[in-house]
Amino acid sequence: MADINGDGWLDIYVCNAGNMHDPELRKNQLFINNHNLTFTDSAEQYGLAEDGYSTQASFLTMTEMATWIVSLLIIALFPLTV
């Protein structure tokens, strides 16, 4: 959780390391707080809809520059044979 858009309200970033066969279901999600107990998924707009196997995200803000640095931990998977 971090205030990604700088409006003073916490936003939520979710890492989805799940579905191995459908990258669309693996995309990470960024829920921007609408200030009314609802959230809007805005990961695409912020360039954070990563579809790798990410399990963890860290956010660092550079206040003087008004910019965020995002670090994602992505695990490497070996192909499964069925």
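Preceding this paragraph is the structure being described.
Described below are features of the structure shown in this document.

Thresholds applied
- Residues numbered from 1 in each chain as written.
- Predicted model: local features only at pLDDT ≥ 70, side-chain atom pairs only at ≥ 80, totals over all residues.
- Heavy atoms only, no water.
- Helix = DSSP H or I, 4+ residues; strand = E, 2+ residues; numbered from the N terminus.
- Polar contact = N/O pair within 3.5 Å; in protein donor to acceptor, adjacent residues only side chain to side chain.
- Contact = heavy atoms within 4.5 Å.
- Salt bridge = Lys/Arg side-chain N within 4 Å of Asp/Glu carboxyl O.
- Buried < 20%, exposed > 50% of the residue type's maximum accessible area, 1.4 Å probe, protein only.

Topic: the side chain of Asn28
Within the fold, Asn28 resides in the loop between helix H1 (23-26) and strand E2 (29-33). A polar side-chain atom of Asn28 sits 2.7 Å from a polar atom in the side chain of Ser54. If sequence neighbours within four positions are ignored, Asn28 has contacts with Tyr13, Val14, Cys15, Asn16, Ala43, Leu48, Ala49, Glu50, Ser54 and Leu72.

Overview of the pattern of salt bridges
Should their charged atoms come close, side chains of opposite charge can pair. What the rule picks out here adds up to 2 salt bridges. For the salt bridge of Lys27 with Glu24, the shortest nitrogen-to-oxygen distance reads 3.5 Å. When its relative accessible area of 54% is taken as the criterion, Glu24 is described as exposed. For Lys27, the salt bridge goes to Glu44, with nearest N and O atoms at 3.0 Å. Remark: Glu44 occurs in helix H2 (residues 43-46) and Lys27 occurs in the loop between H1 and E2; sequence separation between them is 17 residues. For Lys27, a relative accessible area of 22% translates into the label partly exposed.

Describing unusual backbone geometry
Notably, His35 is not glycine yet its phi reads approximately 70°, a positive angle. Residue placement: His35 occurs in the loop between E2 and strand E3 (39-41). Here His35 falls in the partly exposed class, since its relative accessible area comes to 40%. Non-glycine residue Leu37 carries a positive phi angle of around 70°. Take Leu37: it is sitting in the loop between E2 and E3. Among the residues examined, Leu37 registers a relative accessible area of 84% and is labelled exposed.

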